[in-house]
Amino acid sequence: MKKLLVVFACMLLTIGLVACAEQSESSDGSTEQSQEAKTPSKGLDGKTLVVYYSATNHTEAVAGYIADATGGDLFELEPKEPYTSDDLDWTDADSRVSREHDDESLREVELTSTTVENWDDYDTVFIGYPIWWGIAAWPTDSFVKANDFTGKTVIPFCTSSTSGLGESGELLAEEAGTGEWLDGERFSSGASEDEVREWVESLG
């Protein structure tokens, strides 16, 4: 009888230890899952590059948020002849942007560089710009025309006070002639980091 009681007690002890071990593993797994949910979005495939032209820093801010959300690299488009605040005064018919708008031949804006180091390594390319007269600010065109987007997913984004994305992304895709271009997104000039991150995560 004593032997039976000892065997029964051992069985109960073994079952209890196994249950505790399984509960411990489940708890650890839940903790890891919670930590993973806080990490940057990993929905996009491969290496990510965020290219942007920013006239008044609004697009630069959104580009930075996208880079943080994706773990991507940044590449700023800089005109060799930078735009001054007077150049950007679209209400002045004689300002630089107004003259360029009226005469398309003046929109060939030379950039300090259109060459991205290790360009072939990037699978996803975000391209950001402010909206000028319903289209992408033309310094962006110079970069798009100078690069081959074959095999890349390209995602346009823009900033504006009132205008939407319009056909700006489609026009850039036509100029590029290569790459898989997605629809893109428009952000207000004061877009928050949470708003941008939510959009990036939706792409995954």
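Residues numbered from 1 in each chain as written. Predicted model: local features only at pLDDT ≥ 70, side-chain atom pairs only at ≥ 80, totals over all residues. Heavy atoms only, no water.

Caption draft 1: The nonpolar core, seen in detail. Ranked by size, the top nonpolar core spans 30 residues in total, and within it Val51, Tyr83, Ile127, Tyr129, Trp132, Phe143 and Phe149 carry the most contacts. When residues of this core are traced back to their parent elements, those giving at least two are strand 1 (47-52), strand 3 (122-132), helix 4 (139-146), strand 5 (153-160) and helix 5 (168-176). Among all residues touching tryptophan 132, those that are not within four sequence positions of it are Tyr53, Ala55, Tyr83, Leu88, Val97, Ala137, Trp138 and Pro139. Membership of the second largest hydrophobic core comes to 15 residues, among which are Val50, Ala69, Phe126 and Val200. (Core = buried A, V, L, I, M, F, W, Y, C linked by side-chain atoms within 4.5 Å. Buried < 20%, exposed > 50% of the residue type's maximum accessible area, 1.4 Å probe, protein only. Helix = DSSP H or I, 4+ residues; strand = E, 2+ residues; numbered from the N terminus. Contact = heavy atoms within 4.5 Å.)

Caption draft 2: Structural context of the packing of aromatic side chains. Enumeration over the complete set of coordinates arrives at twelve aromatic pairs. Centroid distance tryptophan 119 to phenylalanine 143: 5.9 Å. Interplanar angle 80°. Geometry classified as edge-to-face. With tryptophan 119 in the loop between helix 3 (96-102) and strand 3 and phenylalanine 143 in helix 4, the pair connects residues that are 24 residues apart, well separated along the chain. The exposure classification of tryptophan 119 matches that of phenylalanine 143, with both residues buried. Judged by centre distance (6.3 Å) and plane angle (75°), the ring pair of phenylalanine 143 and phenylalanine 149 falls under edge-to-face. (Phe/Tyr/Trp six-rings, centres within 6.5 Å; stacked < 30°, edge-to-face > 60°.)

Caption draft 3: Up close: the confidence of the model for the chain. Overall, the prediction assigns the chain a mean pLDDT of 83, with 78% of residues at 70 or greater. Residue range residues 1-42 is modelled with pLDDT below 50. Its contacts to residues more than four positions away, or to other chains, number nine contacts. (pLDDT = per-residue confidence, 0-100.)

Caption draft 4: Geometry of the side chain of serine 54. Relative to the assigned elements, serine 54 resides in the loop between strand 1 and helix 2 (58-70). Judged by its relative accessible area of 11%, serine 54 is buried. Among the polar contacts made by the side chain of serine 54, one reaches the main-chain amide nitrogen of asparagine 57 at a distance of 3.0 Å. Separated by 3.1 Å, the side chain of serine 54 and the backbone nitrogen of glutamate 60 make a polar contact. Sequence-distant contacts of serine 54, that is, excluding residues within four places in its chain, are made with Thr59 and Glu60. (Polar contact = N/O pair within 3.5 Å; in protein donor to acceptor, adjacent residues only side chain to side chain.)

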